[in-house]
Amino acid sequence: SLYAALGIFLPLIAVNCALMGASLFMQQRITMDAGNTQAILNVWDSVAYAIGSGIGWLLAIVGLAAIREKMQYIDRTYWILFIALILVAIIALFSASSFFVFQEGNSTLGPILSQMIYIAMGVALAFGLQFVPSKWIRYMGYLGLIISLVFLLLTFTSLGVEINCATRWIVIFGITFQPSELAKLTLIIVVSDLLSRIKTQEDQRIYFGIAIGITLVICGIIFIGNLSTAVLLGGIVILLAIWAGVH
């Protein structure tokens, strides 16, 4: 492989390229007009840019090194499915937005590029979550489920906002979001945790009963304003139960 052939010289080459890149970027800003906000006008601007650039490259190199060290621990099957779902979502978004893009005369890549930012953030979050201990994910699932239940109930108050002829949204501190999205994620985590505790028939009666009760409450509230999401979420819970061997 390339690393085996070059050995220690490969990271040295990468560091030298980073130094050259930082120097070239600084030179580019020195030649900018004084009215440009990115221009370097004096020695203090140069010092600030050099320190900021150095920290940025350091974080980038450390991040890539950390990813390389963790690559051996990732679940490749999970990532294949994850990337496949992302590609399907992009294709669906491209197809769904094409009519509106054509109608408004905008670029066909506009909606895709704007969503790519969120996709990149989601990929980074998913990669990081692989190394979070499962017990913390369980704790966050139960806490998130309680929070989502409160938010779902708030949609029936004055905080509820009607969008697209449905009151599924709430506004808190100027931020508009849909509580059912948080409820879907946390409910699946909680149900998965409860089903994983089943070892005997008595466990099945207790934990599966709790899972069904929680699902009925969450899906029942979502059902009032969003039938499709409630049905889909209930179907996912049923599939999880079948996969867990509940009978």
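To be clear, the structure that these remarks concern was listed above.
The following paragraphs examine the structure supplied in this document. The structure presented is a predicted model; accordingly, all values stated were derived computationally and were not measured.

Definitions and limits used
Residues numbered from 1 in each chain as written. Predicted model: local features only at pLDDT ≥ 70, side-chain atom pairs only at ≥ 80, totals over all residues. Heavy atoms only, no water. Axes fitted to C-alpha atoms, helices over the stretch in contact; angles between N-to-C directions. Helix = DSSP H or I, 4+ residues; strand = E, 2+ residues; numbered from the N terminus. Parallel < 35°, antiparallel > 145°, perpendicular 65-115°, else oblique. Contact = heavy atoms within 4.5 Å. Nonpolar A, V, L, I, M, F, W, Y, C, P; charged D, E, K, R; others polar. Salt bridge = Lys/Arg side-chain N within 4 Å of Asp/Glu carboxyl O. Buried < 20%, exposed > 50% of the residue type's maximum accessible area, 1.4 Å probe, protein only. Core = buried A, V, L, I, M, F, W, Y, C linked by side-chain atoms within 4.5 Å.

A separate point is the packing of helix α7 (residues 179-196) against helix α8 (residues 201-225). In the contact formed by α7 and α8, the axes pass within 9 Å of each other and the chain directions differ by 170°. Classified by the angle between their axes, α7 and α8 sit roughly antiparallel to one another. In this structure, α7 uses Ser 180, Ala 183, Leu 187, Val 190, Val 191, Leu 194 and Leu 195 to contact α8, whose residues at the interface are Tyr 207, Phe 208, Ile 210, Ala 211, Ile 214, Thr 215, Ile 218 and Ile 222. Residue composition of the contact of α7 with α8, grouped by class: 13 nonpolar, two polar and no charged.

Let us look at the pattern of salt bridges. For the structure shown, the criterion picks out four salt bridges. A salt bridge links Glu 181 to Lys 184, with the shortest nitrogen-to-oxygen separation between them at 3.2 Å. Taken together, the residues Glu 181 and Lys 184, both in helix α7 and three residues apart, mark about one turn of the helix. The exposure class of Glu 181 is partly exposed, given its relative accessible area of 42%. The partner of Arg 205 in a salt bridge is Glu 202, and the shortest N-O contact between them spans 2.6 Å. Here Arg 205 pairs with Glu 202, and both are found in helix α8, just three residues apart, close to one helical turn. We classify Glu 202 as partly exposed; its relative accessible area is 41%.

In this section: the nonpolar core. Counting residues in each nonpolar core, the largest one holds 20 residues, and the members touching the most others are Leu 152, Leu 187, Val 191, Leu 195, Ile 218, Ile 222 and Leu 233. When contributions to this core are tallied by element, the ones reaching two or more residues are α6 (134-154), α7, α8 and α9 (227-243). Tallying contributions element by element places α7 first for this core, with six residues. Each residue touching Val 191, except ones within four places of it in the same chain, is listed here: Ala 211, Thr 215, Val 237 and Leu 240.

Tracing the chain through its elements places Gln 27 in helix α2 (residues 9-30). On a C-alpha basis, the gap between Gln 27 and Ile 40 in space is 8.7 Å, while along the polypeptide they are 13 residues apart.

Honestly, that's just the spatial picture; any functional story needs more than this.
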